[in-house]
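Residues per chain, in single letters:
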Amino acid sequence: VLTASAQAEAPGSITGTIMNDVNNQDIIDPGEPPAAGVVVYIDMNTNGAFDAGEPNATTAVNGTYTISSVAAGGPYAVNIVVPANGKVTNDPSNNVIVNGGAAVTGVDGAVVYGGSIAGKVTRDLNHDGAITADEVVSGATVSIDRNGDNTFETTTTDATGSYLLTSVPNGSRLVKPTVAGGLTATPVSRTITVTAGSHEIGADFVFSDGQSGSTTTTTVPPTTTTVPRTTTTTTTTVPPTTTTTTTVPPPTTTTTTTTTTRTTTTTIPPTTTTTTTTTIPPSGGSITPSAAPGSRTAGYMLAARDGGVFTFGAQQFLGSMGGSKLNQPIVGAASLADGSGYWLVASDGGIFSFGNAKFYGSTGAQRLNSPVVGMAATKDGNGYWLVAADGGVFAFGSAKFEGSMGGSKLNSPVVGITADVDGVGYYLVAADGGIFSYQAAFAGSAGGIKINSPIVGMSADPDGDGYWLVAADGGIFAYRASFYGSAGGMKINAPVVGMAPSPDGLGYYLVGTDGGIYAYPDSAAFYGSAGGIKLNQPILGMATF
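Quick summary incoming for the structure in this document. (Residues numbered from 1 in each chain as written. Predicted model: local features only at pLDDT ≥ 70, side-chain atom pairs only at ≥ 80, totals over all residues. Heavy atoms only, no water.)

### Quick word on the nonpolar core
And then number 1: Counting 21 residues, the largest nonpolar core has Y300, L302, Y509, I517 and M542 as its most contacted members.
And then number 2: Mapped onto this core, the elements with two or more residues apiece are β20 (299-304), β21 (309-313), β34 (496-501), β35 (508-512), β36 (517-520) and β37 (539-544).
And then number 3: In terms of residues, this core owes the most to one element, β20, which gives three residues. (Core = buried A, V, L, I, M, F, W, Y, C linked by side-chain atoms within 4.5 Å. Buried < 20%, exposed > 50% of the residue type's maximum accessible area, 1.4 Å probe, protein only. Helix = DSSP H or I, 4+ residues; strand = E, 2+ residues; numbered from the N terminus.)

Structure follows, in C-alpha cells:
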C-alpha cells in the first residue's frame, strides 16, 4: 500500500513511471526502456475499464506520469489502458491511499508491446531421442522475419542453448536456425503466431547428422503439467448452475456493512523477533531456526512473486518456481493439511503443484475478465478454488462452486479467498473489508467502516465458525474468533500481505512483503522468517499446516 503524509483534506496527486517490459516477465529489469504515450487512470468504479471522467494522465518520453487533483481517500485502483499492439504486464496498484494535499509517488507499472518467442537449440549426439545437459548448442544463430518481408533479424543462444526474441509484432512469424557442418535441423523452421503480450515457448530446434530421427524437448517442469482441465467453473461462460449469486443470494452469501467493533491494538509489541539468515538460495529453500520455540510437528511456507518458496519448521521444501520464467507473477499459495504438498497460483490462474499436492486444473489458458488474486484448498486436499479481483470463482477437483461475485458491482476489489472450517464453503474478502460468504457462516465484516489501511487477506478460525481479517498495516479484525494481537499502529519494516492460522487454532501468523513473520499470541511457535535477507521478489503470502 502506497501512502503519503497527511496535510489538509485537499486534493492530492499520484505519480509513477511506466516501463516497457521488453522480455515480458512482469519484472522491470535493468536497461529496459520507459514507455511513452501510455494512459494511466484511476478506476473509480472498479469495473476494469477506462471510463469518461475518470482521472488520468499520459506518460511522458521518460515514462513518468502525474494524476493531479485526486480526492483524499481510497484505496484507489490505478490501472493502465492497454496500448495498441501491447499488453499490460503490471498494473500500478489496486491499493493507493491518498491523504489530503499529499503526493503519492512510486506507483509504477509496465506494458509490453507485441509478444515474445522462446526456445532451445540442442543436438542429439547419441541419437537416443533424449537431450541431456551436454547436448545443448550455445552460440547458435536463430533468425526471425518480424514483418513478413523476408528480412531476418538474428539472435544467438546462451550457454544453456536457450534464446529469446522480444517485441515481436502480432501475427505469424517465421523463425529458423542456422546450421553448418553437414547438420540438419528438425524442424527446418517454425511459424509462430504471436498476439499482444503472449509468450510463446517451446520453439525448439534439434540438430542432427541425419543418421537417425530426432525429437524436440519442452522446458515445462513436471509440476506445471498441462493436462486438460478436469473441472472449470467460471462465472461468465458456464451454464446457469454456476452463475453468480447476484439476484437471490442465500442467507449465507449476504454482505453486511454494519459497523463492527474494530479489534486492532496499538499497544502490543511484536511477539516475535524476525530471524534473519543468508543461506536461502534465490529460488527458495528450507531454513531451520537455531532456537525455534514450540513443537516442530508444524510449520509454514512463504511464497514470493517469482515463485520462490521458503519453508520453516516441519514444512519440507518440495520445490519452487524461483528462477523459472513465468507467464504471470505468483499471487497466492495453499498447502495440504499434513504439509506434504503445496500449490502456487499465478495471476493468470496457472497452477504449479509440488509434493503430494495434485494438479486438478487451472485457468492458465483462459481469457479472464480480471486477474486471479488468491486460492484456497479443500479440506480433503483433492481440490481448490481460485478467485479473481472481480469476485469470480473457479472450482477444480473436489471443490464445489457455491457462488461468486463475478459480474456484480463491487465497492472494492476482492483480494482473497478462504475455505470455511468445514471445507465445504468459502469466503471472499474485499480490500474494504467486505465479506461474501458461500455455504459458510457469515460472522461480520469491516465493509462500510473507515479503516486505516486496506484489507489484504483473511483466515478462518480452525476452532469455530469465525474468521480474522488482516490489513496492510498489520491491523487485525476478529469476527466470532479470538483476538490474539496485531501490528496495527506499530512501525513495521514492510506492509503485511497475508496471514494464516496457527495449526492448533489458538493464534495466527502475519507475513510482510519482506518475509518478516509476526506470531500471535506469545505462545504461538515461531519457526523463522525471511526478514532481513535480500529477496529477488517480494513475499505475497503464506500457508501453515
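Let's pick the thread back up.
### Topic: the pattern of salt bridges
And then number 1: Within the structure shown, the criterion is met by one salt bridge.
And then number 2: Across the salt bridge formed by R146 and E153, the nearest N and O atoms sit 2.7 Å from each other.
And then number 3: Owing to a relative accessible area of 42%, E153 belongs among the partly exposed residues under this scheme. (Salt bridge = Lys/Arg side-chain N within 4 Å of Asp/Glu carboxyl O.)

### Let's talk about unusual backbone geometry
And then number 1: Each neighbour pair has its own omega, and for T186 with P187 the value is -10°, a cis peptide bond.
And then number 2: Looking at the element boundaries, P187 is found in the loop between β15 (184-186) and β16 (190-194).
And then number 3: In this structure, the amide linkage connecting Y520 to the following residue, P521, adopts the cis form with an omega of -5°.
And then number 4: Positionally, P521 belongs in the loop between β36 and β37.
And then number 5: We note that S69 has phi near 55°; this positive angle belongs to a residue other than glycine.
And then number 6: With respect to the helices and strands, the residue S69 is situated in strand β4 (residues 64-70).
And then number 7: When its relative accessible area of 61% is taken as the criterion, S69 is described as exposed.
And then number 8: Of note in this structure, Q439 is not a glycine but carries a positive phi near 50°.

### Re the sheet that holds strand β28 (residues 414-419)
Adjacent strands of a sheet form backbone hydrogen bonds with each other and so pair up, either parallel or antiparallel.
And then number 1: With respect to topology, three strands assemble into an open sheet ordered β28-β29-β30, the strand pairing being antiparallel. Of all the strands in the sheet, just β28 and β30 (435-438) have a single pairing partner and so form its edges. Neighbour-to-neighbour, the strand axes of this sheet turn through a mean angle of 15°, independent of strand direction.
And then number 2: Two strands pair when backbone bridges link them, and β28 and strand β29 (residues 426-430) are joined in this way by five bridges, in the antiparallel orientation. When the bridges of β29 are listed, T418 appears paired with Y427. (Pairing = 2+ DSSP bridges. Axes fitted to C-alpha atoms, helices over the stretch in contact; angles between N-to-C directions.)

### Concerning the sheet that holds strand β3 (residues 56-58)
And then number 1: A sheet is described by the order of its strands in space; here four strands give the open sequence β3-β2-β5-β7, paired in antiparallel fashion. Only two strands of the sheet have a single partner each, and these edge strands are β3 and β7 (93-98). With direction set aside, neighbouring strand axes in the sheet form an average angle of 25°.
And then number 2: With three bridges connecting them, strand β2 (residues 39-42) and strand β5 (residues 73-80) associate as antiparallel partners. Directly across from Y41, in β5, lies its bridge partner N79.

### With respect to the environment of A102
And then number 1: As for its position among the elements, A102 is in the loop between β7 and β8 (103-104).
And then number 2: Classification of A102 by relative accessible area gives buried; the value is 4%.
And then number 3: Taking the C-alpha atoms as reference points, A102 and G12, 90 residues apart in sequence, are found 4.7 Å from one another.

### Examining the packing of aromatic side chains
And then number 1: One pass over the full model with this rule turns up 16 aromatic pairs.
And then number 2: Ring centres 5.0 Å apart and planes at 55° place the aromatic pair Y300 and Y509 in the tilted group. Linking Y300 in strand β20 with Y509 in strand β35, this pair joins segments that are 209 residues apart in sequence. Neither residue differs from the other here; Y300 and Y509 are each classed as buried.
And then number 3: Between Y300 and Y527 the ring centres are 5.6 Å apart and the planes differ by 55°, which places this aromatic pair in the tilted class. Within this pair, whereas Y300 is found in strand β20, its partner Y527 is found in the loop between β36 and β37, the two being separated by 227 residues in sequence.
And then number 4: Residue classification places Y527 among the buried residues on the basis of a relative accessible area of 3%.
And then number 5: A network of ring pairs unites the aromatic residues Y300, F312, Y509 and Y527 as a single cluster.
And then number 6: The lysine or arginine in question, K176, covers the ring of F152, its NZ or CZ lying 4.4 Å from the ring centre.
And then number 7: Directly above the aromatic system of F205 lies the positively charged group of R190, at a separation of 5.7 Å from the ring centroid. (Phe/Tyr/Trp six-rings, centres within 6.5 Å; stacked < 30°, edge-to-face > 60°. Lys NZ or Arg CZ within 6 Å of the ring centre and 35° of its normal.)

Note that all results are geometric; they support no functional claim without further evidence.
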